[in-house]
Amino acid sequence: MTNDETYTLRVRRAAIMFPGREIVEDAAVVVHDGLVVQAGAWSDLKASCPADVRDLGETTLLPGLVNAHGHLELSHLGLPPARMGGYLDWVRWLVAQPLGGTNPEAVARAAMQLLECGTAAVADIATRLPRLVAQGLDEAGIDYAIFFERFGYQGDAPLPDIDSERLALAGHALYSTSPESLRAAKAWDTARGKPFSIHLAEHEGETELLAAGTGAFADFMRERILPKDFIAPGLSPVAWADALGLLDSRTLAVHAVHVSKSDIEILKGRGATVCLCPRSNEIIGVGRAPARALLDAGVPCCLGTDSLASAPDLNLFEELSALLAFCPLSPHEALSLLGPVPARALGFHRLGRLAPGSPARFAVLPTDLEAALFD
Ligand SMILES: [Zn+2]
């Protein structure tokens, strides 16, 4: 589907995701010069649509997917040799890997995985090699935001030399990044209207460390990174993030596995978006996010694959399948996780729906998910 063309896609079903009219049966999508110009029911558009009609048959057409959390600079790694017994196991394994060894070929292969499932945009966390990842995504023609990640207690590294439109700041986590760096990163993003991302409430060790400074994970962190005078705030991860002023409608809280009812109320009250990564959580062995409770409370949720060091591939549809295994979803909820919610939270304003002006970037719902959601 190249530019300068005008054509009509006809399809059994299209998720146009227009508020109040999300899913259209027997649909048509009119494309001109690489942009959607109209989308709706075939019966309404057939009289006026371009004559070049491409029938996609019995499929469900979606706007290009938005993967809300990746680490493409870890694309040279693979999964750990066995399912891990928790975050501490996994991070011990991870830090023994050649973390700085990414190469352009590994990033290009990862970008190909994103394209193969219809990914239009990715929010990528970069600690070491933001330029390499940005180049790989540019070459693949994938829209992206690079979240340059603040990490540690030793002051902030200089900003990377990448397109400032693409750059935002993230915090790694509440235990691994100083409160000053986290606040400064959030303030930097806020001043520029950018989203902020942080791994939040991912694992029990995090909860224990912040509640009381105790546990095997806290001991591990004390040996490596925590300052000698670290004092546990005595709060849950969500409550501590809130006390630091990190949570608002431009915040992406990644994981949210270990959240209580009152934590969910805080997330809802602040308007933060949760990025669920169910396969990463399963492989690392940290538990399952209370996704149904988050959605029922009205917390906007989206999906991310996380890195190839904790997910077998970068296919967001597989992430949705993993979520459906423990969290029933309506078709509208499921399709919102893949596009509209992350597009809004991350500022990809032209993505996430099939509306006039949207890029002609599409994904096709796999048949197993189609059966799970619509049959
Ligand atoms: Zn991550």
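Every chain's residues receive numbers from 1 upward, in the order its sequence appears when written. Totals for whole chains, interfaces and linings use every residue, but because this is a predicted model, local features are given only for residues with pLDDT of at least 70 and side-chain atom pairs only at 80 or more, for both listing and counting. Calculated side-chain values reflect all of the structure's heavy atoms, with hydrogen atoms and water omitted.

**Quick notes on the packing of aromatic side chains**
Working definition: a ring pair exists when centres of Phe, Tyr or Trp rings (six-membered ring for Trp) sit within 6.5 Å. Plane angles under 30 degrees give stacked, over 60 give edge-to-face, the rest tilted. For the coordinates displayed, the defined rule picks out four aromatic pairs. Where Tyr87 meets Phe217, the ring centres are 5.7 Å apart and the plane angle is 80°; that geometry is what we call edge-to-face. Pair noted here: Tyr87 is in helix H2 (residues 87–95) and Phe217 is in helix H7 (residues 216–224), with a separation of 130 residues, a long-range link. For the pair shown, Tyr87 and Phe217 are each scored as buried. A ring pair is formed by Tyr175 and Phe217, whose centres lie 4.9 Å apart and whose planes are at 90°; its orientation type is edge-to-face. Every helix listed is a DSSP run of H or I at least four residues long, and every strand listed is a run of E at least two residues long, numbered separately from the N terminus. Categorising residues by exposure relies on relative accessible area from a 1.4 Å probe, with only protein chains included: less than 20% of the type maximum marks a residue as buried, more than 50% marks it as exposed, and the intermediate range marks it as partly exposed.

**Describing the coordination of the zinc ion**
A 2.8 Å cut-off from the metal defines N, O and S donors, relaxed to 3.2 Å for Na, K and Ca; water is not in the atom list, so some sites may appear incomplete. Around the zinc ion, the protein supplies His69 (NE2), His71 (NE2), His199 (NE2) and Asp306 (OD) as donor atoms, at distances of 2.0 to 2.5 Å. Geometry is assigned from donor-metal-donor angles: four donors are tetrahedral when every angle falls between 85 and 135 degrees, four are square planar and six octahedral when opposite donors sit over 155 degrees apart with all other angles between 65 and 115, and any other arrangement is irregular. Coordination at the zinc ion is irregular, judged from the four donor atoms that bind it and the angles of 86 to 167° they form at the metal. Accessibility expressed as a relative area gives 1% for His69, which makes it buried. What makes Asp306 buried here is its relative accessible area of 6%.

**Overview of the side chain of Ser358**
With respect to the helices and strands, the residue Ser358 is situated in the loop between helix H14 (340–346) and strand S14 (362–364). Given a relative accessible area of 3%, Ser358 falls into the buried group. Among the polar contacts listed, one links the side chain of Ser358 to the backbone oxygen of Arg353, at a separation of 2.9 Å. Beyond its immediate chain neighbours, meaning those up to four positions away, Ser358 contacts Gly34, Leu35, Val36, Arg350 and Arg353. Any pair of nitrogen or oxygen atoms within 3.5 Å is treated as a polar contact; in protein, a donor-acceptor pairing is required on top of that, and neighbouring residues in sequence qualify only through side-chain atoms on both sides. We call two residues in contact when some of their heavy atoms are within 4.5 Å.

**Digging into the domain arrangement of the chain**
The accessible area lost on association of the parts is a frequent measure of interface size. In this entry, domain limits derive from an automatic or database-based domain assignment. As assigned here, the chain comprises domain 1 (6–63 + 359–374) and domain 2 (65–346). For domain 1 versus domain 2, the separation of C-alpha centres amounts to 32 Å. Both sides together, the interface formed by domain 1 and domain 2 hides about 1300 Å², and carbon and sulfur atoms give 76% of it. Throughout this description, the term salt bridge denotes a Lys or Arg side-chain nitrogen within 4 Å of a carboxyl oxygen of Asp or Glu. On inspection of domain 1 and its partner domain 2, the count reaches zero salt bridges. A simple way to read buried area is as the amount of 1.4 Å-probe accessible surface that goes missing from two parts once joined, with both sides added.

**So, the environment of Ala168**
Along the chain, Ala168 falls in strand S9 (residues 167–171). The class of Ala168 is buried, set by a relative accessible area of 3%. Separated by 54 residues in the primary sequence, Ala168 and Arg222 place their C-alpha atoms 29 Å from one another.

**Here's the deal with helix H6 (residues 204–212)**
Residue pairs three or four apart in sequence face the same way in an α-helix, which turns once every 3.6 residues. For H6, the complete set of buried residues consists of Gly205, Glu206, Leu209 and Leu210. Looking straight down H6, one finds that the buried residues subtend no more than 125° of arc, so they occupy a single side. The inward-facing, buried residues of H6 abut strand S10 (196–200), H7 and helix H8 (237–243). When we speak of the arc, we mean the arc of directions from the helix axis to the C-beta atoms.

**Some points on the sheet that holds S10**
As summarised here, the arrangement of the eight strands in space is S6-S7-S8-S9-S10-S11-S12-S13, forming an open sheet in which the pairing is parallel. Edge strands, defined here as strands with exactly one partner in the open sheet, are strand S6 (65–70) and strand S13 (301–303). Averaged over all pairs of adjacent strands, the angle between their axes in this sheet comes to 25°, without regard to strand direction. Pairing between strands requires that DSSP locate at least two bridges from one strand to the other. By the bridge criterion, six bridges tie strand S7 (residues 119–126) to strand S8 (residues 143–150) in an arrangement that is parallel. Each axis is a line fitted through C-alpha atoms, taken for helices only over the stretch in contact, and angles between the N-to-C directions span 0 to 180 degrees.

**Things to note about the side chain of Lys186**
Within the secondary structure layout, Lys186 lies in helix H5 (residues 179–191). The exposure class assigned to Lys186 is buried, which follows from its relative accessible area of 3%. Among the polar contacts listed, one links the side chain of Lys186 to the side chain of Thr251, at a separation of 3.1 Å.

**Considerations on the pairing of strand S12 (residues 273–276)**
Residues of S12 alternate between two faces, with Thr273 and Cys275 on one and Val274 and Leu276 on the opposite face, all of them buried. Sheet topology places strand S11 (residues 251–255) next to S12; three bridges connect them, and they run parallel. Opposite Ala253, over in S12, you have Val274 as the bridge partner. Each parallel crossover has a hand, and the one from S11 via helix H9 (residues 261–270) to S12 is right-handed. Sheet topology places S12 next to S13; three bridges connect them, and they run parallel. Within S13, the position partnered with Cys275 by the bridge is Cys302. Look down the strands so they point away from you; if going from the first strand over the helix to the second traces a clockwise path, that crossover is right-handed.

**Overview of the packing of H2 against H7**
At a minimum axis separation of 10 Å, H2 and H7 run at an interaxial angle of 30°. When the interaxial angle is binned, H2 and H7 end up roughly parallel. In the crossing of H2 with H7, the sense of the turn from one axis to the other is left-handed. Together, Tyr87, Leu88, Val91, Arg92 and Val95 of H2 and Ala216, Phe217, Phe220 and Arg224 of H7 make up the contact between the two elements. Taken together, the residues of the contact of H2 with H7 sort by class into seven nonpolar, no polar and two charged. Oblique is the label for any angle not covered by the other classes, which are roughly parallel (under 35 degrees), roughly antiparallel (over 145) and roughly perpendicular (65 to 115). Should the near helix be turned counterclockwise from the far one by less than a right angle, the crossing is left-handed, whereas a clockwise turn marks it as right-handed. For this classification, Asp, Glu, Lys and Arg are treated as charged, while Ala, Val, Leu, Ile, Met, Phe, Trp, Tyr, Cys and Pro are nonpolar and the rest, including Gly, are polar.

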